[in-house]
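Geometric and topological summary
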Amino acid sequence: MSVIAAVVARQLWDSRGRPTVEAEVTLASGAVGRAIAPAGASRGAHEAVDLRDDGALFGGFGVSRAVAGVAAEIAPALVGRDIGDQAAIDRALVALDGTADKSRLGANAVVAVSMAVLHAAAADVGEPLWRYLTGGRKVRVPLPEIQIFGGGAHAGRRTDIQDFMVMCPKAGSFRRALEITSDVYRTAGRLMEARGPLSGVADEGGWWPDFVSNEDALDVLTQAIETSGHRPAEDVWISLDVAANELGDASGYELALDELRLSGAEMAERVIGWANRYPILSIEDPAGQDDFATMAAVTAAIGGRVQIIGDDVLVTNAARVAAAAAAGACNAALIKVNQVGTVTEAKAALDAAATLGWGTIVSARSGESEDVTIAHLAVGWDAGQLKVGSFTRSERMAKWNEVLRIEEAMGGEAVFAGASCFAAAVAAGL
Ligand SMILES: O=C(O)[C@@H](CO)OP(=O)(O)O
Ligand SMILES: [Mg+2]
């Protein structure tokens, strides 16, 4: 394999109009790999730390430091290295940064370079990234989790629950899952229009929510599934990201829309109640990032039939996956490369979760770009599931459309992960 000849970075803009980092890795062979760092809004305290200035009107100063660090330190450390050894390159990035949370060089600089290295390695052997990652293994096309309403930190906290999504485990193909979800999405928009003014879309493209309670949103989503001509709990299921880290911690949670202040035990009761009353197959972060007890209470009660995903709880960190498993805190892991900072560390978290028999979901952030790396990771790593946001925003569509291209490229070999990708779906007999 070829060696790295140059690493450059530049400042681009993300889907929220905030500056971000793009890295470009050129090899001696002439092959090039490029990647853009995404950015979260609901972030866990245990995540790797970007160099950003989110509060500033023009927040470019942190990002320009991240860009400058690539030129001054990362490029000299990587030039001349063998592109085929991603793990060694990622180890070098971690050592060069020297902090536990990548805050010196910035996780946004580190993740952009790490993913650009991966792209360059695939380009060097002339393979699409997803195929390069399979190493010849059979992989599945992921089950998509697609947002219908966006709330929480992505929509001025109009609902407490952050993501109201749907899953179609029995769709048979990725293409069909998108068709069904499109019916539900557009029907939900019509229902909201009929109730009053329709106020556009949230950060990830889901409808901007206009509801009187969190359960009102769940009612309208269930109605949208029915009215679209598909069957709730047969063809289409609800998946929620409560993002409860934004609502409180073990000392108490606030559901502002419902005018409720709940203890951890009451929060668990509430979430379990939703799962009992609505066609829910998956729930992410029903408790705060360090409230393993509430996560475990939910998992013990309904984890046999509902996927309980850790996001802020796990932050794509293999050690936290192990700690959560010991506490019985979840049965699935969200995988966001920028939460941990390098491709190799993200893969280690995914492997740790998969070894436990957990579901694994490669996920976008709420601040995204045209970068489609995660579509390739979801397929090439055989994650089984992919969470990208909604329809109607091109930074999301770029990823969904890329999976459609990959599914087409697989031809007759394409296997849709459907219900096979997590135990709860299997238990539900899907
Ligand atoms: O919480 C999440 O799962 C993500 C995507 O919905 O949001 P953010 O990128 O803001 O952390
Ligand atoms: Mg989340």
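Refer to the structure above for everything that follows.
Residues numbered from 1 in each chain as written. Chains lettered and ligands numbered in written order. Predicted model: local features only at pLDDT ≥ 70, side-chain atom pairs only at ≥ 80, totals over all residues. Heavy atoms only, no water.

1. Points about the coordination of the magnesium ion (ligand 2)
Applicable threshold: Atoms are scored as donors when they are N, O or S and lie within 2.8 Å of the metal, with 3.2 Å used for Na, K and Ca; no water is included, so coordination may look incomplete. Under the scheme applied here, a residue whose accessible area is under 20% of the maximum for its type counts as buried, over 50% as exposed, and between as partly exposed, the area being computed with a 1.4 Å probe on protein chains only.
With distances of 2.0 to 2.2 Å, the protein atoms coordinating the magnesium ion (ligand 2) are Asp241 (OD), Glu284 (OE) and Asp311 (OD). When its relative accessible area of 2% is taken as the criterion, Asp241 is described as buried. Given a relative accessible area of 2%, Asp311 falls into the buried group.

2. A look at the sheet that holds strand β9 (residues 260-262)
Note the threshold: For two strands to pair, DSSP has to find at least two bridges joining them. A run of H or I in DSSP counts as a helix once it spans at least four residues, and a run of E counts as a strand once it spans at least two, with each numbered from the N terminus.
The strand order across the open sheet formed by 3 strands is β7-β8-β9, and the pairing between neighbours is antiparallel. Single-partner strands in this sheet number two, and they are β7 (248-249) and β9. As judged from the 2 bridges shared by β7 and strand β8 (residues 252-255), these two strands associate in the antiparallel manner. Along β8, the bridge assignment pairs Gly248 with Tyr253.

3. Observations regarding the sheet that holds strand β1 (residues 4-13)
The cut-off we apply is this: With axes taken as lines fitted to C-alpha atoms, and helix axes fitted only over the stretch in contact, angles between N-to-C directions fall between 0 and 180 degrees. The criterion used for residue contact is that any of the two residues' heavy atoms lie within 4.5 Å.
In space, the 3 strands of this open sheet follow the order β1-β2-β3, with antiparallel pairing throughout. Looking at which strands have only one partner, the edges of the open sheet turn out to be β1 and β3 (32-36). Between one strand axis and the next, the sheet turns by 15° as a mean value, whatever way the strands run. Relative to β3, strand β2 (residues 19-27) is paired through 5 bridges, and the arrangement is antiparallel. Pairing of Val25 across the sheet is with Gly33, part of β3. Helix α3 (residues 107-124) contacts β1, β2 and β3 of the sheet and is inclined by roughly 35° relative to β2.

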